[in-house]
Amino acid sequence: MIQFDATFFWQILNFLILLFILAKFAYKPLMKVLDERRARVANDLETAEKTRVEAEALKEQYSKQLAEARTEATAIIDKANKAGQKVHDDYVAQAQAEKDQMMAAAKQNIANEKDQAMTDVRAQVIALATEIAGKVVDQKLNSAADQELVAKTADSVLNK
């Protein structure tokens, strides 16, 4: 059994004083520290949630900017391809025009040389025909009228 003597009384009194001291100097500050920590943790959680929301918003914004940049890059590439194709087409057209011009010049040159050759052949035919006719009639045809007659005859033979 429990004996209720003076020691027991002083032990209860010491325990109550200890409780009062602990309540006054340890429990309240400890509770204050715990409340501050609870508030700080809640504040940190709230800040973390705000940061997460902001990060998601930034991620979405960056995704939009990336999509816009890709679209713009595609447009720039398409524009460059079109410009390159236009330059290619211009060079091809220029080369075709130069080829046509060179062909026309070559044809004209051939025609001029043909005319010159025909003129040379005509002169040689006239000279030969005059010489042959002179030998046939045993005289040389030197007069201008004779030369003209032979030229007309040679022209009629060449044009046939």
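Residues numbered from 1 in each chain as written. Predicted model: local features only at pLDDT ≥ 70, side-chain atom pairs only at ≥ 80, totals over all residues. Heavy atoms only, no water.

(A) Geometry of the overall build of the chain. Helix and strand content of the chain: two helices and zero strands. Expected size for 160 residues packed as a compact globule is a radius of gyration near 15 Å; at 61 Å, the chain overshoots this value by more than 25%. Referenced to the eigenvectors of the C-alpha coordinate spread, the extents of the chain come out at roughly 190 × 25 × 20 Å. Within the chain, buried positions represent 4% of all 160 residues. Total accessible area on the chain stands at roughly 14300 Å², and carbon and sulfur atoms take up 63% of it. Side-chain charges of the chain comprise 22 positive and 24 negative groups, with the mean position of each set lying 8 Å from the other. (Helix = DSSP H or I, 4+ residues; strand = E, 2+ residues; numbered from the N terminus. Rg over C-alpha atoms; globule rule 2.2 N^0.38 Å. Buried < 20%, exposed > 50% of the residue type's maximum accessible area, 1.4 Å probe, protein only. Areas by Shrake-Rupley, 256 points an atom, 1.4 Å probe, with all protein chains shown as cover. Lys, Arg positive; Asp, Glu negative; His and termini not counted. Charge placed at Lys NZ, Arg CZ, Asp CG, Glu CD.)

(B) Local environment of the packing of aromatic side chains. In the structure shown here, the tally under the stated rule is one aromatic pair. On the basis of an interplanar angle of 70° and a centroid distance of 5.6 Å, the ring pair of phenylalanine 9 and tryptophan 10 is categorised as edge-to-face. What makes tryptophan 10 partly exposed here is its relative accessible area of 47%. (Phe/Tyr/Trp six-rings, centres within 6.5 Å; stacked < 30°, edge-to-face > 60°.)

(C) Representation of the pattern of salt bridges in the model. Inspection of every chain in the model, using the stated rule, returns six salt bridges. For the salt bridge of arginine 38 with aspartate 35, the shortest nitrogen-to-oxygen distance reads 2.8 Å. Placement of both arginine 38 and aspartate 35 in helix H1 (residues 6-136) is noted, with a separation of three residues, approximately one turn of the helix. A relative accessible area of 39% means that aspartate 35 is categorised as partly exposed. Between arginine 52 and glutamate 49 there is a salt bridge, and its shortest N-O distance comes to 2.4 Å. (Salt bridge = Lys/Arg side-chain N within 4 Å of Asp/Glu carboxyl O.)

(D) Structural detail: the environment of alanine 133. Position of alanine 133 among the secondary structure elements: in helix H1. Judged by its relative accessible area of 27%, alanine 133 is partly exposed. Spatially, the C-alpha atoms of alanine 133 and valine 150 are 9.0 Å apart, while their sequence positions differ by 17 residues.

(E) Inspection of helix H2 (residues 144-158) at higher detail. If you check H2, its first and last C-alpha atoms are 21 Å apart, about what 15 residues at 1.5 Å a residue would give, namely 21 Å. Taken together, the buried positions of H2 are Val150, Ala151 and Ala154. Buried residues of H2, viewed axially, fall in a sector of 105°; they line one side. Facing away from the buried side of H2 by over 90 degrees, the exposed positions are Ala145, Leu149 and Lys152. (Expected span 1.5 Å × (residues − 1). Arc of directions from axis to C-beta.)

(F) Expanded view of the environment of lysine 86. Examined against the element boundaries, lysine 86 turns out to sit in helix H1. Owing to a relative accessible area of 53%, lysine 86 belongs among the exposed residues under this scheme. On a C-alpha basis, the gap between lysine 86 and asparagine 14 in space is 103 Å, while along the polypeptide they are 72 residues apart.

(G) Expanded view of the environment of leucine 19. Looking at the element boundaries, leucine 19 is found in helix H1. Judged by its relative accessible area of 40%, leucine 19 is partly exposed. As a C-alpha pair, leucine 19 and serine 156 span 137 residues in sequence and 151 Å in three-dimensional space.

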